Amino acid sequence: VIFPLDAGQSVAARELTFVRGMEHLLPPGARGLMLVGMLAALASTLDTHLNWGASYLTNDLYARTISRGMFGREPRGRELVWVARASSPLLMVLALGVMATLGSIQEAWHVTLSLGAGLGIPLLLRWLWRRANAWGELAAIVVSGIAAFWMLRSEASETVRLLAIAGAGSAAAISVSLATPPERAELLDAFYERVRPPGFWGTSDARAALARGGLAVLAAAATLYGSLLGLATWMLSAPAPLGLPSGAFVALCLALAAACAPIWLRELRRE
């Protein structure tokens, strides 16, 4: 080990190991290619999120909510262009402000996961539940953002934080969707006839498809993890958990993976 990791080092110091290794181990030409590749990846990510965020602020917030919803008028093209131009530097300033408070890349991932934890289930509900609407998703965004702000300041573990934020966002989405008027029946019927999503759409076929899909997901997970555990234990000669013989554990994992494979394969063929 050329750059030993000290358990007492900060996360940021450990994250520098890759950069230090690139600096000392790569020849000048390869080092330059690696540096260019890292800068290209950074630039592409920044461009994507700036354009993405400007599009949201321009089309969803300004054009739809403010211009059409609040003022009842259609926005002009030149007007939307200037809003988009102003949105990009605004997002950059906000991002720099957030970045200044972060001490490591790992901390940035924690913030990203926390901000998105409350939106997973609400985004799925639009495909699975007829009663879900846009107001529920907006409530999930607001509530999960507030919950993330408080939970990131707490001393709870990451698992507890993510579960709490996800629960708050999901509860807000469901309660607000039930408290607000549903979408128009003809719009929902047209969506169902076109997409045929599984879930609670008032038909037995949709509920049956959801049950089959859920079982297929569990079976696919069992096949994946059973294969990984069994093959890794065999290839690395690793000890089996719970004091089991390694050979018996490998056979059990691979048998479970093989037994579950026909379940999700059958569902794939159905599609």
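Preceding block: the structure.
Each chain has its residues counted from 1, following the order in which its sequence is written. With the structure being a predicted model, the display of local features is reserved for residues of pLDDT at least 70 and the display and counting of side-chain atom pairs for 80 or more, all residues being used for whole-chain, interface and lining totals. For the side-chain quantities, the full set of heavy atoms in the structure was used; hydrogens and water were omitted.

### Let's talk about the overall build of the protein
No. 1: Numbering of helices and strands runs from the N terminus, with a helix taken as a DSSP run of H or I at least four residues long and a strand as a DSSP run of E at least two residues long. For the protein, the helix and strand inventory stands at 11 helices and zero strands.
No. 2: Each helix (α) and strand (β) of the protein, taken in turn from the N terminus, gives the series α-α-α-α-α-α-α-α-α-α-α.
No. 3: Radius of gyration here uses only the C-alpha atoms, and the compact-globule reference equals 2.2 Å multiplied by the residue count raised to the power 0.38. Its C-alpha radius of gyration of 25 Å places the protein more than 25% over the 18 Å reference for a compact globule of 271 residues.
No. 4: Exposure classes here rest on a 1.4 Å probe applied to the protein chains alone. A residue is buried below 20% of its type maximum, exposed above 50%, and partly exposed in between. A total of 271 residues make up the protein; the buried ones form 23% of that total.
No. 5: Here a residue-residue contact requires only that any non-hydrogen atoms of the pair lie within 4.5 Å. Taking contacts inside the protein between residues at least 6 apart in sequence as the whole, the part at least 24 apart equals 59%.
No. 6: For the accessible areas, the method is Shrake-Rupley and the probe is 1.4 Å, while residue cover comes only from the protein chains on display. Carbon and sulfur atoms make up 71% of the accessible area of the protein, which totals about 18,300 Å².

### What to know about the nonpolar core
No. 1: To define a nonpolar core, start from buried Ala, Val, Leu, Ile, Met, Phe, Trp, Tyr and Cys residues and group those joined through side-chain atoms within 4.5 Å. With five residues, the main nonpolar core is built from Ala117, Ala147, Ala148, Met151 and Ile165.
No. 2: Element by element, the count of residues in this core is highest for helix α7 (residues 134-152), at three residues.

### Let's talk about the packing of aromatic side chains
No. 1: Aromatic pairing here means that ring centres of Phe, Tyr or Trp (its six-membered ring) are within 6.5 Å. Orientation follows from the plane angle: under 30 degrees is stacked, over 60 is edge-to-face, and everything else is tilted. Throughout the structure, instances matching the rule amount to five aromatic pairs.
No. 2: The interplanar angle of 50 degrees and the centroid separation of 5.7 Å between the aromatic rings of Trp127 and Phe191 together place this pair among those described as tilted. Of the two residues, Trp127 sits in helix α6 (residues 120-128) while Phe191 sits in helix α9 (residues 185-195), which places them 64 residues apart along the sequence.
No. 3: Exposure remark for Trp127: the relative accessible area of 41% places this residue in the partly exposed category.
No. 4: When its relative accessible area of 26% is taken as the criterion, Phe191 is described as partly exposed.

### Digging into the side chain of Asn133
No. 1: Tracing the backbone shows Asn133 in the loop between α6 and α7.
No. 2: A residue is classified by how much of its surface remains accessible, and Asn133, at 5% relative accessible area, is buried.
No. 3: Discounting chain neighbours no more than four positions away, the residues touching Asn133 are Ser177, Thr180, Pro181 and Glu183.

### Some thoughts on the pattern of salt bridges
No. 1: The rule for a salt bridge is simple: a side-chain nitrogen of Lys or Arg has to be within 4 Å of a carboxyl oxygen of Asp or Glu. In this structure the tally under the stated criterion is nine salt bridges.
No. 2: A salt bridge links Arg196 to Glu193; the nearest nitrogen and oxygen atoms lie 3.0 Å apart.
No. 3: You can call Arg196 partly exposed: its relative accessible area is 48%.
No. 4: Linking Arg212 and Glu267 is a salt bridge whose minimum nitrogen-to-oxygen distance equals 3.6 Å. Taken together, the residues Arg212 in helix α10 (residues 204-236) and Glu267 in helix α11 (residues 246-270) connect sequence positions 55 residues apart.
No. 5: A relative accessible area of 31% means that Arg212 is categorised as partly exposed.
No. 6: Overall, Glu267 belongs to the buried group, its relative accessible area being 13%.
No. 7: Salt bridges sharing partners connect three or more residues here, namely Arg73, Arg76 and Glu79.

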